[in-house]
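For reference, the chains in residue letters:
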Amino acid sequence: MTWGTFGVVHIITIILTAVLNIALYFALKYCSQRTQWIVLGVLSFAGIGAIIFNLVTWGSPLEYLPLHLCSLNALALPFAVWFKSEKLGNLLLLWSLGALFAIIINDASADFKLLSWTFVFYYFPHVLELGIPILMMKLGLVKLKAKCVISTVIITMVSYTLIHFINVWINSYCLTNGVTNPSGEIIQVNYMFSITPANPLLQLFHTLIPHEYWYMYLVVPVVVIYLGAIYGIHYLVTRKRKHGEVAAQ
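So, about the overall build of the protein chain. Of the regular secondary structure elements, the protein chain holds nine helices and zero strands. The linear arrangement of helices and strands in the protein chain, starting from the amino end, is α-α-α-α-α-α-α-α-α. The C-alpha atoms of the protein chain give 20 Å as radius of gyration, which agrees with the globular expectation for 249 residues (18 Å, within 12%). Relative to its full complement of 249 residues, the protein chain shows a buried share of 42%.

This brings us to the nonpolar core. Counting 46 residues, the largest nonpolar core has Leu40, Val81, Trp95, Ile132, Met136, Leu139 and Tyr231 as the members making the most contacts within it. Every element with two or more residues in this core is listed here: helix H1 (8–29), helix H2 (33–43), helix H4 (69–82), helix H5 (86–104), helix H6 (117–138), helix H7 (148–177), helix H8 (200–208) and helix H9 (219–248). Looking at which element gives the most residues to this core, the answer is H7, with eight residues. What valine 81 contacts, discounting residues up to four positions off in sequence, is Trp37, Leu40, Gly41, Ser44, Ile132 and Met136. Counting residues in each nonpolar core, the second largest holds nine residues, with Val9, Phe112, Tyr122 and Val127 among its members.

Most peptide bonds are trans, and most residues other than glycine sit at a negative phi. Although it is not a glycine, lysine 84 adopts a positive phi angle of roughly 50°. Relative to the elements of secondary structure, lysine 84 occurs in the loop between H4 and H5. Positive phi, close to 70°, is recorded for leucine 115, a residue that is not glycine. One can find leucine 115 in the loop between H5 and H6. We classify leucine 115 as exposed; its relative accessible area is 64%.

Let us look at the confidence of the model for the protein chain. Overall, the predicted model of the protein chain reaches an average pLDDT of 93, with 97% of residues at or above 70. Mean pLDDT across the elements of the protein chain ranges from a minimum in H9, with 81, to a maximum in H1, with 97.

A turn of α-helix holds 3.6 residues, and therefore any two residues three or four places apart point the same way. Between its first and last C-alpha, helix H3 (residues 46–57) extends 16 Å over twelve residues, near the 16 Å set by a 1.5 Å rise per residue. Residues of H3 that are buried: Gly47, Ala50, Ile51 and Phe53. Looking straight down H3, one finds that the buried residues subtend no more than 160° of arc, so they occupy a single side. For H3, exposure combined with an orientation more than 90 degrees from the buried face picks out Ile52 and Val56. Residues of H3 that are buried make contact with H4 and H6.

Attention now moves to H1. Its 22 residues give H1 an end-to-end C-alpha distance of 31 Å, which sits within 8% of 32 Å, the value for a rise of 1.5 Å per residue. Burial in H1 covers these residues: Val9, His10, Thr13, Thr17, Asn21, Leu24, Tyr25 and Leu28. Tucked inside the fold, the buried residues of H1 contact H2, H5 and H6.

Cut-offs and rules
- Residues numbered from 1 in each chain as written.
- Predicted model: local features only at pLDDT ≥ 70, side-chain atom pairs only at ≥ 80, totals over all residues.
- Heavy atoms only, no water.
- Helix = DSSP H or I, 4+ residues; strand = E, 2+ residues; numbered from the N terminus.
- Rg over C-alpha atoms; globule rule 2.2 N^0.38 Å.
- Buried < 20%, exposed > 50% of the residue type's maximum accessible area, 1.4 Å probe, protein only.
- Core = buried A, V, L, I, M, F, W, Y, C linked by side-chain atoms within 4.5 Å.
- Contact = heavy atoms within 4.5 Å.
- pLDDT = per-residue confidence, 0-100.
- Expected span 1.5 Å × (residues − 1).
- Arc of directions from axis to C-beta.

Shown next as structure tokens:
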């Protein structure tokens, strides 16, 4: 049985993504903070394992470098947990969306056999890459800081810019030197989709700004609205709770 895209199996795994992270939250909720840190710290290395698996398994390291958003999340996650970094923790609230999109928009992985090693090393690390940044906030291990919005946007766009130049260099090098993948095709990469869009939303952005690299800047307002909603809701909930505590006194 293959994973598929938006079939019954795929939809179940999307629901299971939420179920697994909710279950992990309740499993850790009544544990000591030390235990919470250790458990999340150990689980935070799942994405690193997936990166190594992909580099070794597919025989084409240039096409599986950890340069997509979910891979950057995987690399940063252990540092966020083990160093208890608020700035990284807030940054990963955005970067964790890469893991969510990787599970929902799974076109390139739809033919993975369910519970095969390729599926396991794709699905479960993405589940944790999505969940752990949220769990750190929900468990009170890292605080939501609205002031981190600016650093989050800057770090994200600087990373995107650097990766675009890596894309350009790899594509030029492989084209000039005839570097091929195991299928015999000239390697051409598109990390963080800076060269061409890979889904309908990005295609819309590309239609509005039909230029590689620059079209992705239309994501910035979306990011600001998304983060603004998170911090705005947190502020309102926190203020309501404080007013309730004052009234109770």
